[in-house]
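Remarks on the overall topology
Below are the chains, spelled out letter by letter.
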Amino acid sequence: MLHGKKIIIGITGSIAAYKIIYLVRLLVKQEAEVKIIMTPAAKEFVAPIVLSTLSKNKVYIDLVEENSWANHVALGRWADVFLIAPLSCNTLAKMANGICDNLLLAVYLSATCPVVVAPAMDEDMWHHPTTKKNLDTIKKIGNSIIPVDNGELASGLFGEGRMAEPASIITYLIENFFRGTNLKNKKVLITAGPTYEPIDPVRFIGNHSSGKMGFAIAEQAYLQGADVTLVSGPTHEQLNYNSIKLIKVTTANEMYAACLKIFKHSDITIMSAAVADYQSKEISSKKVKKKQAEWDLKLKKTTDILFQLGKQKKKSQFLVGFALETENEIENAAQKLKNKNADAIILNSLNDTNSCFGFDTNKITILYKDGTTSIFELKNKQYVAKDIISFISDKIHEK
Ligand code: CTP
């Protein structure tokens, strides 16, 4: 997501500066280009050599170094985003008043890119009226402020003022500046996880689906600009982006009801949930005691949600199903594509090692309604989700 994105990080004098080491590492891992500017005070908190090594770039500190002038205008124009983190009270006050007594402030005043700040200070300073006034001033100028966390502070006190964690800073940058546009203005419905069909208050029929694939698809669709609703069965997965609407359900019936409401307004629907195919014919309101040696459980089919949505599908809608197979994979998936009136079916085979339920990796083949088949390599589910979203995006733009 951050491949080739140019980010300048301005570090000021605050104990939270130690977190920037990890932030730089995460950004570089995601293939961002990172340049760092430090105020003289920041050098007291982290060593520039650590940051230059991790960012693979020289760290800028002084306006004039060894008789040469650091070109603050070029730096400000190089970046896609200028992140000032941690932002101390002192630098904030200077920014709000146009003071320019170091390189970081000179770059701030000449930056043509968006400026984002992640404040870090003790709670009393955070709540001081001048801090509030200064934050309001830079906000009015158009700078973005990453909310502070609540927790243990450098003083040992607990309260508001902690700098946001590196992972949250990255999420903020991606959400606000680096989302793609391939699915902009598209409403996307995704199902994920297993469903649990109750037998009695303590037992259920379920399956091993972890929800990882569906959650990854939801995030990739969101990162391409879509307005995403995720309907998920029980899972431990968590979303990284709060703007994705999450509807939690337990049973196939609940998933069907939720999908019916949303489907009619969806441009793209991706059914990655491992919906239970059968539910118990009778649900006991009390725990069934183990009196008999055998228990004949009567089951009835659940509603095939994909099949029902396929019946209602309008020409403008794009419907994608999954097929989990153990034999005659392509034939069975092709049958599902036709029977369920889907535009594409994503085939997973349990015969592929390190694929499907519970794994972080997956290997897929996409069968498209025109009869073509696209085979993908075994990949991390994030990259599989990217392939799926690119495939869909290409097809809808071809329409
Ligand atoms: N599906 C659904 N509702 C069900 C069962 C399945 O919407 N009650 C959807 C799944 O989300 C998936 C597709 O149908 O997108 C295919 O699911 P799969 O379990 O592979 O196949 P089934 O249709 O259930 O058929 P079978 O179990 O016989 O292979």
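Small disclaimer: the values here were computed from a predicted structure and weren't measured. (Residues numbered from 1 in each chain as written. Predicted model: local features only at pLDDT ≥ 70, side-chain atom pairs only at ≥ 80, totals over all residues. Heavy atoms only, no water.)

1. Some remarks on the overall build of the chain
Tallying secondary structure elements over the chain gives 13 helices and 24 strands in all. Considering only C-alpha atoms, the chain reaches an extent of 85 × 50 × 35 Å along its principal axes. Counted over contacts in the chain with a minimum sequence separation of 6, partners at least 24 positions apart contribute 67%. Within the chain, the 41 negative side-chain charges are centred at a point lying 6 Å from the centre of the 49 positive side-chain charges. (Helix = DSSP H or I, 4+ residues; strand = E, 2+ residues; numbered from the N terminus. Contact = heavy atoms within 4.5 Å. Lys, Arg positive; Asp, Glu negative; His and termini not counted. Charge placed at Lys NZ, Arg CZ, Asp CG, Glu CD.)

2. Comments concerning the pairing of strand β7 (residues 115-119)
For a regular strand, side-chain orientation follows a simple rule: the groups alternate between the two sheet faces. Across the 5 residues that make up β7, a large majority, 5, are buried. Examined bridge by bridge, strand β6 (residues 81-87) and β7 share 4 bridges and lie parallel to one another. Among the inter-strand pairings, Leu 87 is bridged to a residue of β7, identified as Pro 119. With 2 bridges joining them, β7 and strand β8 (residues 144-145) adopt parallel strand pairing. By the bridge assignment for β8, Val 117 is matched with Ile 145. (Buried < 20%, exposed > 50% of the residue type's maximum accessible area, 1.4 Å probe, protein only. Pairing = 2+ DSSP bridges.)

3. Points about the site of the ligand
Lining the immediate environment of the ligand, one finds 16 residues, of which Met 271, Ala 273, Leu 306, Phe 322 and Lys 340 sit closest. The contact in question runs from an oxygen atom of the ligand to an N or O atom on the side chain of Lys 340, over 2.4 Å. In isolation the ligand offers 570 Å² of accessible surface; the protein chains occlude 77% of this area. When residues of the shell around the ligand are traced back to their parent elements, those giving at least two are α11 (305-312) and β19 (318-325). At 4 residues, the largest contribution of residues to the shell around the ligand is made by β19. Per-class residue counts for the shell around the ligand are 9 nonpolar, 3 polar and 4 charged. (Near = heavy atom within 4 Å. Polar contact = N/O pair within 3.5 Å; in protein donor to acceptor, adjacent residues only side chain to side chain. Areas by Shrake-Rupley, 256 points an atom, 1.4 Å probe, with all protein chains shown as cover. Nonpolar A, V, L, I, M, F, W, Y, C, P; charged D, E, K, R; others polar.)

4. Things to note about the sheet that holds β7
Read across the sheet, 6 strands follow the order β3-β2-β1-β6-β7-β8 without closing on themselves; strand pairing throughout is parallel. In this open sheet, the two edge strands, each paired with only one partner strand, are β3 (59-60) and β8. In the packing of helix α2 (residues 48-55) onto the sheet, contacts are made with β1 (6-11), β2 (33-38) and β3, and the angle to β2 comes to roughly 165 degrees. (Axes fitted to C-alpha atoms, helices over the stretch in contact; angles between N-to-C directions.)

5. Overview of the sheet that holds strand β15 (residues 245-248)
Read from one edge to the other, the open sheet built from 8 strands follows the order β15-β14-β11-β16-β19-β20-β22-β23, with strand pairing classed as mixed. Since the sheet does not close on itself, it has two edges, and those belong to β15 and β23 (373-375), each with one partner. Within this sheet the neighbouring strands show an average axis-to-axis angle of 15 degrees, counted without direction. Looking at chain direction, strand β11 (residues 187-192) and strand β14 (residues 227-232) are connected through 6 bridges and run parallel. By the bridge assignment for β14, Lys 187 is matched with Asp 227. Along the sheet, helix α9 (residues 212-223) makes contact with β11, β14, β15, β16 (268-271) and β19, crossing β11 at roughly 165 degrees. Taken strand by strand, helix α12 (residues 329-339) contacts β19, β20 (344-349), β22 (365-368) and β23, and its axis lies near 150 degrees from that of β20.

6. Focus on the nonpolar core
Among the nonpolar cores identified, the biggest contains 72 residues, and Ile 9 and Ile 270 are the most heavily contacted of them. When residues of this core are sorted by domain, at least three fall in each of domain 1 (6-177) and domain 2 (187-278 + 300-398). Excluding anything up to four places from it in sequence, Ile 9 contacts Ile 20, Leu 23, Val 24, Leu 27, Val 34, Lys 35, Ile 36, Ile 37, Phe 82, Leu 83 and Ala 85. Of all hydrophobic cores here, the second largest spans 25 residues; its members include Leu 75, Trp 78, Ile 84 and Val 148. (Core = buried A, V, L, I, M, F, W, Y, C linked by side-chain atoms within 4.5 Å. Domains from an automatic or database assignment.)

7. Some words on the environment of Ala 41
When you line up the elements, Ala 41 lands in the loop between β2 and α2. Accessibility expressed as a relative area gives 39% for Ala 41, which makes it partly exposed.

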